[in-house]
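# Secondary and tertiary structure notes
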Amino acid sequence: MLDCTPANIVQRSGGAINPAKTCQPIGAMYAALGIHRCLPHSHGSQGCCAYHRSHLTRHFREPVLAASSSFTEGASIFGGAANLKTAIKNVFTIYNPDIIAIHTTCLSETIGDDLPTIIKGAEIPPGKLVIHANTPSYQGSHITGFSNMTRAMVSYLAEATAAQKKEQVNIIPGFVNPADMREIKRLTGLMGIRSIMFPDTAGVLDAPMTGKFEMYPAGGAKVADIRDAGNSRLTIALGSYAASDPAHHLERKCRVRALTLKTPIGIKATDDFLLALRGHFACAVPAELEEERGQLVDIMIDTHHHFFGKKVAIFGDPDIVLATTEFLLDLGMRPVHVLTGTPGGDFESAIAALLREAGVEANVRAGGDLFLLHQWIKNQPVDLLIGNTYGKYIARAEDIPFVRLGFPILDRGLHSYLPVVGYRGAMRLLEMMGNALLDRADRDAADEDLELVM
Amino acid sequence: MAFSGHTELPVAERAAFIYTKGRQKPGLKCEADSIAGCVSQRACVYCGARVVLNPITDAVHLVHGPIGCASYTWDIRGALSSGPELYRNSFSTDLKERDVIFGGEKKLARAIDQLVEKYRPPLVFVYATCIVGVIGDDLEAVCRVAARKHGIEVIPVQSSGFAGNKAAGYRAACAALWRLIEPAGGMPEKKSLSVNYLGDFNLAGEVWIVGSYLKQLGLELNVAFTGDATYRSLKNAAAASLNIVQCAGSMHYLAEKMQESCGIPYLNVSFLGLEDTADSLRRIARFFGDHRIEQRAEELIARETAAVAGVIQSCRKKLAGKRAAVYVGGGFKAISLIKQFRELGIDVVVVGTQTGRRQEYAVLSELVDNGTVILDDANPAELEKFMLEKGAHLLVGGVKERPLAYKLGLAFVDHNHDRKHPLSGFIGAANFAREVCSTVCSPVWRYVHTPVPGARAGGAVWAAAL
Ligand code: SF4
Ligand code: SF4
């Protein structure tokens, strides 16, 4: 399918070929699903909503419910106020959520619907809540949308009500899978610290089978807890793209100190996370985590020769790519092509700093697409490709071992149940990457070179 | 969930879209806009247009809009190609804020130039998304200039998402197709035994199955719209002597147009299920008024039916008495599915569509037994309610319905873009039967209603399941 990608790289200015990102509303919808008993609502035409639901459904293999304002021609000319008011009324009547989290689409943004005013004029049953985020899809990416909806949780819900800050930490996990959120909570729990995670899709998008269709599964951040986040002593934002802005907003609003760290992928980023907890709270790293870390180091030593010097191309969401790149470097690998579709921020300089320290030369791009990545690979081949499902076309065209990481993964399962963060997540990454490389070595070995032990 | 177990519908307006055969006087509201906030399973105009045109394999399909619309439609269609693969890429003008403020025409023109230079396609489709409709880019003009500049066809698709639903997108696609196939210099010479196949998108290679049947009848498949179609093949569309129309929802409009303007008559057909496949082949053969073709059709039907009879029989044994729910895109598919389920001894107890037409609902309602619930533009809550009330064992639907069924402990078959085996023709009927069997008869359901071993008060359920 990608036979016609030319190796010759020329400047392009007319849009994207094979995008490495998608639009804000899907990130907002995902974040909204991380509030307990919340129904996300898409203010725009119903196509967007249908696409976002399908895409999330394919990635998580779970029901994804969200309502739409179902714009038609009239709404796009006269504004969507009437549609939104009807929608709010209908959603509360039919689906009875505790909270509706509305995000805009490029259409409602462009016609300039004023959401706060519309919401104020809507019929909201007593005790119920409606929040909103602006998510114009012609800015940023799905990561921006996730961040914007998380910020809305802070704006609408978080409050500083206690006289004194509580000994608890807020954690904004960024756009990661439910399993990662579970693992981060487990780590924090083992450190003995009370934490409030929001958004939290654990228990929502990896809910157990009960034989019933639960519109609102047991998981998700409770509204009361998000409120209480204003009373915490510290917020840790995991990922500067998906999590930092809401954390700083909370700092301004409720004087909760904000600290941005990398997504805890790999040994160093996990260390940093635990050290930050230890540094801010009266706690120590328990033996259990020391043991896990020790196991991880042991495995890294056992397997280091599989990884050393191997060239890697990696793409995906900026927070994930950044942390993973650091881990790859720790393994002695050489990430020679590093790309994210999400534009802006300090991605390029942050990656460049990591690479400089390790003495690796690489192509780095924020706001790039997979066509560009493919061209880079044609010019400088790699031993391994890491990225979301769309990487499979490049992997096949260039015959490269491929590890699926990030969002979306549409053609495999289980990724949302198995974490890649923390020491255990690092072990899983080692397994995935190591197996991809070794399977390939076995496949390519001549009969006389095929060995039982590797 | 909110109204599990209640029989009342919480939104009064929805009542008109739901009908229980034998219990109410006939009549169902359809072909109407969705109600805001009801969680429709439907998509937009762009989606409708894109699914119809995307299978044209050597075209550049350029989505003019912000990135999302193109991202979500990147190769999720499952339409196969026997040659070019250009259509499987995702091209977007990736509009940014400044384009929205200053207009996106220049960027669009640049994108077309760069793509044409890179891929040298014979044809470019430019899809309008919602935002393009609002900022008022003149797609027509940009495409006209680009076409002249590059000497190829550049066809705008007026598919702004808000201008109706998926069905309006089908019409937009048909309008674009008509621009492509309308013979410019008078009618081409008719090929006498040549058939166009409209409304199949070659999901899992289904066009190839039907194409081989036609060949065995002694007919030529001129071009399929749009499964595995290319620019060249579409250009010859007007030469066929007959159009057969599978997905009437998407292609009816074009079939009418071609009858009027090119003098090509059309037949509505369906290749889903043994009965419909056989019946369609007979009607096609009869159309040509040649007893040799009719005889070949009979031989083919006999041969192919015999080839799959074993599979169908053995599945039927396992499935007889089960109850199915159907929720699919268009009415034609729903009609065929009911008959096909009957061949497997399964009763359809709930049936709905996203964009079924009035006539199709009339046929549906004729077909089903008393007590069957028929509904248009259903939401997940309604699907749940009626599937539980009617005791369905199985749901047939698309991507968004799959996890809903699973959460309820029901079997599921994808009859949409995510299907992995062809479901058309005799072989498709066998595949369908096998798929239904493999999901309905899977041992995993045993664990759904069973408690954790040793848990209190659940022992009875456990025992009953075993
Ligand atoms: S923006 Fe409009 S065209 Fe694009 S997916 Fe949404 S409804 Fe469809
Ligand atoms: S880019 Fe805009 S129009 Fe397209 S799917 Fe996203 S929100 Fe909808």
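Placed above this text is the structure.
To start, this report covers the structure provided alongside it. All values reported here derive from a predicted model rather than from experimental measurement.

As a further point, take the packing of aromatic side chains. Within the structure shown, the criterion is met by 19 aromatic pairs over all chains. Both rings, one in Phe175(A) and one in Phe407(A), keep their centres 4.9 Å apart while their planes meet at 45 degrees; by these two values the pair is tilted. Placement of the pair is Phe175(A) in the loop between strand 6 (166-172) and helix 8 (178-190) and Phe407(A) in the loop between strand 14 (402-404) and helix 17 (422-444), with a sequence separation of 232 residues. The exposure class of Phe175(A) is buried, given its relative accessible area of 7%. One aromatic cluster is present, formed by Tyr30(A), Phe60(A), Phe146(A), Phe175(A) and Phe407(A) through successive ring pairs. When the ring centre of Phe281(A) is taken as reference, the NZ or CZ atom of Arg233(A) above it lies at 4.6 Å. Positioned above the aromatic ring of Tyr127(B) is the side chain of Arg50(B), whose terminal nitrogen or guanidinium carbon lies 5.5 Å from the ring centre.

What follows deals with helix 8 of chain A. All names here are of chain A. Along its 13 residues, helix 8 runs 18 Å from first to last C-alpha, staying within 8% of the 18 Å computed at 1.5 Å per residue. Listing the buried residues of helix 8 in full gives Pro-178, Ala-179, Asp-180, Met-181, Glu-183, Ile-184, Leu-187 and Thr-188. One or two residues past the end of helix 8 sits Gly-192, with phi positive at roughly 80 degrees.

This part covers the interface of chain A and chain B. Interfaces are often sized by the amount of accessible area the parts lose when they come together. Between chain A and chain B, the residue contacts involve 68 residues of the former and 71 residues of the latter. A buried area of about 6,100 Å², summed over both sides, lies between chain A and chain B, and 63% of it is on carbon and sulfur atoms. The tally of links from chain A across to chain B stands at 3 salt bridges. Between Asp418(B) and Arg58(A) there is a salt bridge, with its nearest N and O atoms 2.8 Å apart. Put simply, chain A and chain B have 19 residue pairs in polar contact (both at pLDDT 80 or more) between them. Mapped by element, the contributors of at least two residues to the side of chain A that touches chain B are strand 1 (16-17), helix 2 (46-60), strand 3 (67-68), helix 3 (73-78), helix 4 (81-95), helix 5 (106-111) and helix 15 (370-379) of chain A. Considered class by class, the residues forming the side of chain A that touches chain B number 33 nonpolar, 27 polar and 8 charged. Taken together, the 2 bridges between strand 1 of chain A and strand 3 (residues 91-92) of chain B define a ladder with antiparallel strand orientation.

What surrounds ligand 1 is a group of 10 residues, the closest being Ser45(A), Cys48(A), Cys44(B), Cys69(B) and Cys130(B). More than one chain approaches ligand 1, the contributing ones being chains A and B. Here the element with the most residues in the shell around ligand 1 is helix 2 of chain A; it accounts for 3 residues. Taken together, the residues of the shell around ligand 1 sort by class into 6 nonpolar, 4 polar and no charged.

Conventions and cut-offs
- Residues numbered from 1 in each chain as written.
- Chains lettered and ligands numbered in written order.
- Predicted model: local features only at pLDDT ≥ 70, side-chain atom pairs only at ≥ 80, totals over all residues.
- Heavy atoms only, no water.
- Phe/Tyr/Trp six-rings, centres within 6.5 Å; stacked < 30°, edge-to-face > 60°.
- Helix = DSSP H or I, 4+ residues; strand = E, 2+ residues; numbered from the N terminus.
- Buried < 20%, exposed > 50% of the residue type's maximum accessible area, 1.4 Å probe, protein only.
- Lys NZ or Arg CZ within 6 Å of the ring centre and 35° of its normal.
- Expected span 1.5 Å × (residues − 1).
- Contact = heavy atoms within 4.5 Å.
- Buried area = accessible area lost by both parts, 1.4 Å probe.
- Salt bridge = Lys/Arg side-chain N within 4 Å of Asp/Glu carboxyl O.
- Polar contact = N/O pair within 3.5 Å; in protein donor to acceptor, adjacent residues only side chain to side chain.
- Nonpolar A, V, L, I, M, F, W, Y, C, P; charged D, E, K, R; others polar.
- Pairing = 2+ DSSP bridges.
- Near = heavy atom within 4 Å.

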